[in-house]
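The lines below spell out each chain.
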Amino acid sequence: MAQLKSVTEIYKPGSTHMVGDGFPVRNIFPSQNLTEEISPFLLLDYAGPASFPPTNQRRGVGEHPHRGFETVTIVYQGKVAHRDSAGNGGTIGPGDVQWMTAASGVVHEELHEQAWAREGGTLQMIQLWVNLPKSLKMSAPRYQTVLNEDIPQANLGGQGSVLRVIAGEYEGLKGPAKTFTPVHLYDLKLVAGHRSELSLPVGYNTGLFVLSGGVVLNRSQKVGEAEMALCDPQGTQVDLEATEETRVLVLSGEPILEPVARMGPFVMNTEEELVQAVNDYRAGRMGRLE
């Protein structure tokens, strides 16, 4: 018999700031001191929706390093261009996902795509950081472009309510993104009045982030725009009812039960490893952008 995953807390953005000169974000964690409760996830930034006028300026975040984890970028509106020191690059637009495994270290940049920037428009995206276990932190970097057309989706019942499986599985559908530890990442679009029961694994840390609209969880907890509901790992089901047209990102994963040491763009297990990461970056061991 299904058991509800109770909602333990509802979080509003803990900080609002500009990342580079192109991404005005509201941060949900770690600014709320969420750590073990949301492992393996490390960070959730919600950029926009924000309007940008036409420009020839290169807006975004210039060359910077990462080590020890993965960055996941999901675009809802606008276009973002990426390139890194491992030779990877590409552009993602509405519905697309970029899954970059920094692992042992890469240097990269994320900018508004030039043609889109010249036209101007609305930018709306999510960036999520996913931790790697100690045994994989120094593995080779990897890059995945996951296009909207390659993401399977399930009809949640009722016209217009769908669930996209970016990573993991849902009712036999497998997401195209490859992960190192068990992670389920779903993108839900719900019409007003829609109600459904979402099945999730017992023991997984789970957050439901509302990008727009609003939902009632388990028939009692209201979650609005730019808020995240943290669920108890126990239980296997969440009841959702959309109070209006709503977009929800569901992140659920098996926790990584290891120490976390973090400093800016590096996430390791010890302070000594952080010092080594800084030294390696300064020495050029993570590469450079040409």
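Residues numbered from 1 in each chain as written. Predicted model: local features only at pLDDT ≥ 70, side-chain atom pairs only at ≥ 80, totals over all residues. Heavy atoms only, no water.

### With respect to the pairing of strand β19 (residues 205-212)
Across the eight residues of β19, seven count as buried, placing the element largely inside the fold. Note that β19 and strand β24 (residues 246-253) share seven bridges and pair antiparallel. Pairing of Asn-205 across the sheet is with Gly-253, part of β24. Looking at chain direction, β19 and strand β22 (residues 227-231) are connected through five bridges and run antiparallel. Its bridge partner lying in β22, Thr-206 is registered against Cys-231. (Buried < 20%, exposed > 50% of the residue type's maximum accessible area, 1.4 Å probe, protein only. Helix = DSSP H or I, 4+ residues; strand = E, 2+ residues; numbered from the N terminus. Pairing = 2+ DSSP bridges.)

### What about the nonpolar core?
Counting 30 residues, the largest nonpolar core has Phe-29, Ile-74, Ile-126, Leu-128, Leu-185, Phe-209 and Leu-251 as its most contacted members. Leu-251 has contacts with Phe-29, Ile-38, Phe-41, Leu-44, Leu-128, His-184, Leu-185, Asn-205, Thr-206 and Gly-207, leaving out every residue within four places of it along the chain. Val-7, Cys-231, Ala-242 and Val-250 belong to the second largest nonpolar core, which has 22 residues in total. (Core = buried A, V, L, I, M, F, W, Y, C linked by side-chain atoms within 4.5 Å. Contact = heavy atoms within 4.5 Å.)

### A short note on the UniProt feature "domain: Pirin N-terminal" (unreviewed entry) in the protein
UniProt's feature table lists "domain: Pirin N-terminal" (unreviewed entry) at residues 23-130, given in the numbering used throughout. Secondary structure across residues 23-130 comprises 6% helix and 61% strand; the distance between its end C-alpha atoms is 19 Å. (UniProt positions renumbered as here; feature names shortened; annotations may be inferred.)

### Quick notes on the environment of Leu-230
Of note, Leu-230 is situated in strand β22. Separated by 23 residues in sequence, Leu-230 and Gly-207 have C-alpha atoms that sit 4.6 Å apart. Once residues lying within four places of it in the same chain are set aside, the contact partners of Leu-230 are Ser-6, Val-7, Thr-8, Glu-9, Tyr-11, Leu-34, Glu-37, Ile-38 and Thr-206.

### A word on the UniProt feature "binding site: Fe cation" (unreviewed entry) in the protein
Taking the numbering used here, the UniProt-annotated feature "binding site: Fe cation" (unreviewed entry) corresponds to His-64, His-66, His-108 and Glu-110. Maximum C-alpha separation among the annotated residues is 12.7 Å over a sequence range of 47 residues, consistent with a single clustered spot. With respect to the element layout, His-66 can be found in strand β5 (residues 60-66). Residue class for His-66 comes out buried when judged on its relative accessible area of 3%. In contact with His-66, not counting residues within four places along its chain, are Thr-71, Met-100, Ala-102, Gly-105, Val-106, His-108, Trp-129, Pro-265, Phe-266 and Met-286. In terms of polar contacts, His-66 uses its side chain to reach the side chain of His-108, at 3.4 Å. (Polar contact = N/O pair within 3.5 Å; in protein donor to acceptor, adjacent residues only side chain to side chain.)

### Comments concerning the sheet that holds strand β8 (residues 89-92)
Pairing within the open sheet is antiparallel, and its four strands lie in the order β5-β10-β7-β8. The open sheet terminates on both sides in strands that have one partner only, identified here as β5 and β8. Along the sheet, successive strands turn relative to each other by an average axial angle of 15 degrees, direction set aside. The pairing of β5 with strand β10 (residues 106-112) spans five bridges and is classified as antiparallel. Within the sheet, the bridge partner assigned to His-64 lies in β10 and is His-108. (Axes fitted to C-alpha atoms, helices over the stretch in contact; angles between N-to-C directions.)

### Quick look at the environment of Tyr-76
Here Tyr-76 shows up in strand β6 (residues 69-77). Linking Tyr-76 and Val-61, residues 15 residues apart in sequence, is a C-alpha distance of 18 Å. Beyond its immediate stretch of four places on either side in the chain, Tyr-76 contacts Pro-94, Gln-124, Met-125, Ile-126, Asp-187, Leu-211, Arg-247 and Leu-249. Reaching out from Tyr-76, the side chain makes a polar contact with the side chain of Asp-187 at a distance of 3.2 Å.

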